[in-house]
Amino acid sequence: MPAQTIEVLDELIADFQDLPESDRLELLLEFSDNLPEPPERYAGHEDEMEQVTECQTPLFLAVEYSDEEDPIVTLIISAPPEAPTTRGFAGVLIEGLSGQRASEILTVPDDIPNRLGLTNALTPLRLRGMSALLGRIKRNITTHLS
Amino acid sequence: MTTSVPVEQSDYAHPEKLVSTAWVAEHKDHPNVVVLESNEDTLLYSTGHIPGAIKIDWHTELNDPVTRDFIGPEGFAKMAASKGISRDTTVIFYGDKSNWWAAYALWVFTLYGHEDVRLMNGGRDKWIAEGREITREVPDVTEGDYPVVERDDSTERANKAQVLDSIGKLPLIDVRSAAEYTGETTHMAGYPQEGTLRGGHIPTAESVPWATAANEDGTFKSREELTKVYAEDANLGQTDQVIAYCRIGERSAHTWFVLRYLLGYDSVRNYDGSWTEWGNSVGVPIVVGAEPGQAPS
């Protein structure tokens, strides 16, 4: 049932694409503002999360799984307020992917940052950092399933 | 009608170029002052900025998307006017990352001969650390009156051919991290690879990482400390022409500012092509390892 996840993300991508370029950053800022705080159990334990070193500012990822053969995936991402674009993209991934099945997330295209229509607004370096975050999530899932 | 803005006192060579957060707080609403925030992260301004400050985005507003160069004279005049800047406006720059991009934007304004440009010491982080007011409110801008002026790349900017010709003749300062200088990596720690094929440095370049000029809080070190770092440890002396470079020209804009205005070197050029250009260029020499190396014969 890969269509489910892609549908959620597709809606988000459409939300970005429907906006003029200048307003897409505003939408990304909303995702940045609304990025959920990591649960209490991670407070002060960022070292137990995976650092996404490809990002320009410290960003930490944790992936949790339900106890099923094709588990439901919960994403937890911690990014500092001085990195709002990274936070924004993390927010998009959490809204689009968290709560979905592992098998579905693995079908998501790798070039989501480009599909949001931000390639002119953001530097290639930052876009690559965003792609790396998605890549890390997929790798974590692949390792968990193996 | 020009309304002159007072200059802050310091013992730097050009004290008028650097202002404190307290000075900005006091003068930011002066009718002839425009405060520009220039960040690496384009969304940062939107999360809160100095009241009255206007955003300038180095990536989308200073670069020409076609020529891989800065915007031309007409584009610059239009951009400046849109931010309420006229030719005699005092423009204060500040930003994230210890003012890298603020120094870079200030440097581009300098190429266009905008005379009264100043940097806020310590940048955005210091303003916030001091608990000073920030806001998300974007100010209304009254369009400035900015003339179309030619950019002068001859005095503050170096291109690849000039750098190639300078090896063995002029001092070169590599401001990247030690690991980038030796060639161990082609990028700074925590940053992804940016597609540079070779690691190393330009032959004869001295390694003086940009952070050597900065205190923990992002402010600049004292003139005495800076003199030791550059004039003594890096053997620059006082009369040399200098060229600084980094990876894409932003960290070296920071060093350019130090050498040009805090220490008063008359001829300092920023090579903004930097390692992303040099490390990929066909037919130019590099050196790998901790030593500056020799000029090719």
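The structure presented is a predicted model; accordingly, all values stated were derived computationally and were not measured.

1. So, the UniProt feature "domain: Rhodanese" (unreviewed entry) in chain B
Next up, step 1: Under the UniProt annotation, "domain: Rhodanese" (unreviewed entry) lies at residues 29-136 and 166-287 of chain B.
Next up, step 2: Span residues 29-136 of chain B is 31% helix and 19% strand, its end C-alpha atoms 17 Å apart.

2. Looking at the confidence of the model for chain B
Next up, step 1: For chain B, the mean per-residue pLDDT works out to 94, and 96% of the residues sit at or above 70.
Next up, step 2: Predicted complex metrics record ipTM = 0.85 and pTM = 0.92.

3. Points about the nonpolar core
In summary, soluble globular proteins display a tendency toward joint burial of nonpolar side chains.
Next up, step 1: Counting residues in each nonpolar core, the largest one holds 60 residues, and the members touching the most others are B:Leu36, B:Phe93, B:Phe109, B:Leu119, B:Tyr230 and B:Phe257.
Next up, step 2: Here this core takes 11 residues from helix α4 (residues 100-111) of chain B, the largest share from any one element.
Next up, step 3: The contacts of B:Leu36, once residues within four sequence positions are left out, are B:Ile54, B:Ile56, B:Lys83, B:Ile85, B:Val91, B:Ile92, B:Phe93, B:Tyr94 and B:Phe109.
Next up, step 4: Residues A:Phe31, A:Ala79, A:Val92 and A:Leu127 belong to the second largest nonpolar core, which totals 40 residues.

4. A closer look at the packing of aromatic side chains
Residue and element names in this part refer to chain B.
Next up, step 1: Here the structure, examined in full by the defined rule, presents 16 aromatic pairs over all chains.
Next up, step 2: Taken together, a centroid distance of 6.0 Å and an interplanar angle of 70° make the contact between Phe70 and Tyr104 edge-to-face. Placement of the pair is Phe70 in strand β5 (residues 69-70) and Tyr104 in helix α4, with a sequence separation of 34 residues. In terms of burial, Phe70 and Tyr104 fall into one category: buried.
Next up, step 3: Between Trp101 and Tyr104, the ring centres sit 5.1 Å apart and the planes meet at 75°, which makes this aromatic pair edge-to-face. Separated by three residues within a single helix, Trp101 and Tyr104 lie in helix α4, roughly one turn from each other. Just as Trp101 is buried, Tyr104 falls in that class too.

5. Points about helix α3 (residues 84-97) of chain A
All names here are of chain A.
Next up, step 1: In this model, α3 (14 residues) spans 19 Å end to end at C-alpha, consistent with the 20 Å of a helix rising 1.5 Å per residue.
Next up, step 2: Most of α3 is tucked away, with 13 of its 14 residues classed as buried.
Next up, step 3: Residue Gly99 follows α3 closely and has a positive phi angle near 95°.

Rules behind the numbers
- Residues numbered from 1 in each chain as written.
- Chains lettered and ligands numbered in written order.
- Predicted model: local features only at pLDDT ≥ 70, side-chain atom pairs only at ≥ 80, totals over all residues.
- Heavy atoms only, no water.
- UniProt positions renumbered as here; feature names shortened; annotations may be inferred.
- Helix = DSSP H or I, 4+ residues; strand = E, 2+ residues; numbered from the N terminus.
- pLDDT = per-residue confidence, 0-100.
- Core = buried A, V, L, I, M, F, W, Y, C linked by side-chain atoms within 4.5 Å.
- Buried < 20%, exposed > 50% of the residue type's maximum accessible area, 1.4 Å probe, protein only.
- Contact = heavy atoms within 4.5 Å.
- Phe/Tyr/Trp six-rings, centres within 6.5 Å; stacked < 30°, edge-to-face > 60°.
- Expected span 1.5 Å × (residues − 1).

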